[in-house]
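Working through the structure, step by step
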Amino acid sequence: MYKAIRIVVSGLVQGVGFRPAIHRAAVYAGVKGYVKNLGGSEVEIFIEGEEAELKRFMDALSQFLPPLSIIEEVQLFSEGPRGFEKFVIEKSGYSKVKRSMIPPDIAICEHCLREVLDPRDRRYRYPFNSCAWCGPRYSMMYRVPYDRENTSMRKYLLCPECRREYEDINNIRRYHAQGISCPNDGPKLHLYTSDGEEIDSKDPIKDVAKLIDEGYIVAIKGIGGYHIASLATDDDVVLLLRKRKKRPTQPFAIMALDLNVASRLVYFAPPSSVDILTSPQRPIVLLPKREDSPVSPYVSPGMDVEGVFLPYTALHYLLLMEVKDKFLIMTSGNLHGLPMCRTEECVFTKLKHVVDYVLAHDRDIVNRVDDSVIRFTDGEAVMLRRGRGYAPAWIRVPFKLSRDVIAMGAELQTTAAVGFDDKVVLTPYAGDLDNVETIEEFDEMLEFLIRNYDILWSKAAVVVDKHPEYMSRKLAYEKCEIYGCNVMEIQHHVAHVLSTLADRGISLENSVVGIAMDGTGYGDDGTLWGGEIIMVKPEGYSRVGSLEHIPITSERDIIYPARLVIAILSKIFGAMALEVAKNIPSLSLSSIEEAVVVKNVIENRYTPSSSVGRFLDAVSALLGVCTYRSYEGEPAIRLEAIARGGKLIEELQYMDTIYRDVPRIDILSYIKKLIETIQSTEDFRTQQERVRDIAFTVQIALGKALGKIALKSIYGKRNVEQFIVIGGGAAVNSFILRGIREVLSDEDIKVLLPKKVPPNDGGIALGQVYAYYLFGESNAKIM
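One numbering rule holds for all chains: residues counted from 1, following each sequence as written. Thresholds applied to this predicted model are a pLDDT of at least 70 for local features of residues and 80 or more for the giving and counting of side-chain atom pairs; totals over whole chains, interfaces and linings are not thresholded and use all residues. By convention in this description, side-chain values take in all heavy atoms of the structure and omit both hydrogens and water.

**A word on the nonpolar core**
- One finds Ile45, Phe57 and Met408 to be the most contacted residues of the largest nonpolar core, which totals 139 residues.
- When residues in this core are grouped by element, the largest group, seven residues, is from helix 11 (residues 436–452). Only buried Ala, Val, Leu, Ile, Met, Phe, Trp, Tyr and Cys residues count toward a nonpolar core, and they belong to the same one when joined by side-chain atoms within 4.5 Å. Three exposure classes are used, based on accessible area relative to the maximum for each residue type with a 1.4 Å probe and protein chains only: buried under 20%, partly exposed in between, and exposed over 50%. Put simply, DSSP marks the helices as runs of H or I at least four residues long and the strands as runs of E at least two long, and each gets a number from the N terminus on.

Printed below as a string of structure tokens:
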């Protein structure tokens, strides 16, 4: 019997060679009809033929699917035959039947790289080689559907040879591949001085490699923005780059030619790191430094790990082949705190005094996308930054939304998100919303998703953080004044807990206990939270544990954490704090500044904070590990690094709990005990093993204390899940997590970290969407 079926497929089905694969399957099965992209990033297939032919198509489909495609939903509609005489790939439509996934950028595949390295191939040494299985996607898209005419490749007309490949159904990787090109018809490289004067170069890649080997610093245009490249082995070059970028200590990433080269720099521990490094996403991965690494110590000062990644374009690979070291610093092309440059205009103005030369190409970067970053926390892979390769792929969640949701995220290292049905789509990493340029790009990233997923501000639910000064919140209220939408506020740390639940696909049917640890979040009581044990229920949430308050007297306390130590001493010793401070050599503040802090605390002119981040900062300063914060989280990050290989100190391995409004970890008494230990150690500042052991013990002890409060909230309780979830920027600390797990593993209670989004504020928008689902348009009920 002659029949017809219409099929709508959603998932990752555009930009991965899906339509050509369907065409080949149709030819194999003998069916007629069409396949085409639709405007929601979905694909529509219409097949007609004898019943046996239709069955053959459906049975064989999985054998033809391209390697990177992800099918999440398939809708089948029985329809009447339309009299097709053959099967064709039709011109894309702009109607939206079913929303689907916008394709992220994909690292160069082994086949394309092989062509680039083959002197007999017509794409030999071609820096922009790609196919249906790899190359830029999101970063060059103006809109969906993913067709060449909707990308920045539209200005490059295919040459006859590329056209033949494009129209050849037997060319598996290039038939109907939208981004293909070759040296005859594709983007071109251009070499410039830093003030925009073009340099005549027959081989820009070789010339740039020579310049870098001579010690020059070069801006290089990549997929989602500019990198700044330089030698990683020359101390003088690295220090010059730091001076020019005004980035005194924040680590630089290193791109290595291949695994063999990377193995000279880092240990692949755990072994699963190799799979992540070589994955199509090619993130930066933080791995233990080799003791004999040739990398300058100024690349990542104070760190025991190095951020390494592998080339994800032919351009990067060809450059690394030419340089003497086979690896380079490859850091974001921006001024400190500003978004990465993606245009030549930006480079020639903002990076003019940072770089010496510029290697550009003439393909526009439409959407900025930063490199993704992954680390290992107690042996578990955790995302620190979700960008290239991962965003804007959606995340399936364990609930179904009744309306579209726009979630505005937080303030630092942030992202926004849109939610619909059972999906949440996060923007790529946007950065810190403390300058106009980043706020504008944050808004642009969000509007791209809103526009391409047909979401209307006027009909969407909008969720923001409770912090009254967050720019993301202010932006939302401005939008809603224009469009008339309603705004829901959700507490920062509750959103962290919900983010991990959503990430792990956990439906909230019973109560769940979560630990949220970070630097700062606006609490329900008007204080600054940051070390919270929270019980979330389907009808609301309650705070069931916390840290004892640390006094925050000024924004300077965060930049100069020695001020935090003085403030804590003031809470413990009152006016005698200054005398105690004299015997702590690491507190290198002026006597006037110390006196101001003490006076503020004694007169109650401070903001109470229960922040894990601020506690770790204070300990870091107290031990002399880091007394000046030049980037977000630096004192705590360096405290974790110095603790590697440490041993427990018996008298410091436990923190007491005091009972106030909720059980609180008595960190003030613990700091007093810590000072006594330091002062009893002769020549403490020279005793590096002692510093390491104290740093190790403090972080383990904090984890155990948090774990004990969480355990009391779970143990023996009905309708409380027997696991806990962890979120917040400090959740990536291996020693704190190990301490939590030590306590809870004895009772067979699992500890869950997020897998798909960062536990820091880069994942908080996901939790905000979950909050809307649970609590609706009224603010979450505080139990």
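**Notes on the sheet that holds strand 19 (residues 417–420)**
- Pairing between strands requires that DSSP locate at least two bridges from one strand to the other. Here six strands make up an open sheet; going across it, the order is 17-20-19-18-21-22 and the pairing mixed. Single-partner strands in this sheet number two, and they are strand 17 (395–396) and strand 22 (487–490).
- Should any heavy atoms of two residues lie within 4.5 Å, those residues are counted as being in contact. All axes here are fitted lines through C-alpha atoms, helices being fitted over the stretch that makes contact, and every angle between N-to-C directions spans 0 to 180 degrees. Most of the contacts of helix 12 (residues 471–483) go to strand 21 (residues 461–465), to which it runs at about 155°, and overall it touches strand 21 and strand 22.

**Some words on the pairing of strand 23 (residues 511–522)**
- Across the twelve residues that make up strand 23, a large majority, ten, are buried.
- Sheet analysis places strand 23 next to strand 30 (residues 720–727), joined by five bridges and oriented parallel. Along strand 30, the bridge assignment pairs Ala516 with Gly727.
- Two elements, strand 23 and strand 24 (residues 528–537), share eight bridges in a ladder whose sense is antiparallel. Considered in strand 24, the bridge of Ile515 is made with Ile533.

**A closer look at the environment of Gly767**
- Checked against the element boundaries, Gly767 lands in helix 23 (residues 764–775).
- Sequence-wise, Gly767 and Ala417 are 350 residues apart; in three dimensions their C-alpha atoms are separated by 10.0 Å.
- If we ignore the near neighbours within four places in the chain, the residues touching Gly767 are Ala495, Leu498 and Ser499.

**Examining the side chain of Glu380**
- Tracing the backbone through its elements, the reader meets Glu380 in strand 16 (residues 380–385).
- Each polar contact in these results corresponds to two N or O atoms within 3.5 Å; when the atoms are within protein, one needs to be able to donate a hydrogen and the other to accept it, and residues that are neighboring in sequence are counted only if both atoms are side-chain atoms. At 2.6 Å, the side chain of Glu380 forms a polar contact with the side chain of Arg741.
- If we skip the residues at most four places from it in the chain, Glu380 touches Arg375, Arg504, Arg741, Leu753 and Lys755.

**A few points about the state of the cysteines**
- Disulfide assignment relies on a single distance test, namely cysteine sulfur atoms paired within 2.5 Å. Taken as a whole, this structure holds two disulfides when the rule is applied.
- Each sulfur in the disulfide pair Cys341 and Cys346 lies 1.9 Å from the other. One disulfide, between Cys341 and Cys346, carries an S-S torsion of -60° and so falls in the left-handed class.
- There is a disulfide in this structure between Cys480 and Cys485, and the S-S distance comes to 2.1 Å. Taking the sign of the S-S torsion, -100° for the link of Cys480 and Cys485, the bridge is left-handed.
- The class for Cys485 is buried, based on a relative accessible area of 9%.

**Observations concerning the packing of aromatic side chains**
- Stacked, edge-to-face and tilted are the three classes for Phe, Tyr and Trp ring pairs, Trp counted by its six-membered ring, which pair at centre distances within 6.5 Å; planes under 30 degrees apart are stacked, over 60 edge-to-face, the rest tilted. If you walk through the whole model with that rule in mind, you get 17 aromatic pairs.
- Where Phe420 meets Tyr453, the ring centres are 4.9 Å apart and the plane angle is 40°; that geometry is what we call tilted. Of this pair, Phe420 sits in strand 19 while Tyr453 is found in the loop between helix 11 and strand 21, placing the two residues 33 residues apart along the sequence. Side by side, Phe420 and Tyr453 carry an identical accessibility label, which is buried.
- Between Tyr770 and Tyr773, the aromatic rings sit 6.3 Å apart at their centres with planes inclined by 40°, giving tilted as the arrangement.

**A word on the side chain of Ser499**
- Inspection of the secondary structure puts Ser499 in helix 13 (residues 492–503).
- Overall, Ser499 belongs to the buried group, its relative accessible area being 3%.
- The contacts of Ser499, once residues within four sequence positions are left out, are Val757, Gly763, Ile764, Leu766 and Gly767.

**Regarding the pairing of strand 19**
- A two-sided burial pattern is seen for strand 19, the buried positions comprising Ala417 and Gly419 on one face and Val418 and Phe420 on the other.
- With three bridges connecting them, strand 18 (residues 405–407) and strand 19 associate as antiparallel partners. In the strand pairing of strand 19, Ala407 is matched with Ala417.
- Across four bridges, strand 19 lies against strand 20 (residues 423–426) in antiparallel orientation. From the neighbouring strand, Phe420 faces strand 20, where its bridge partner is Lys423.
- Counting the residues in the hairpin turn of strand 19 and strand 20 gives two residues, including Asp421, whose phi is positive at 50°.

Shape is all these values report; function is a separate question.
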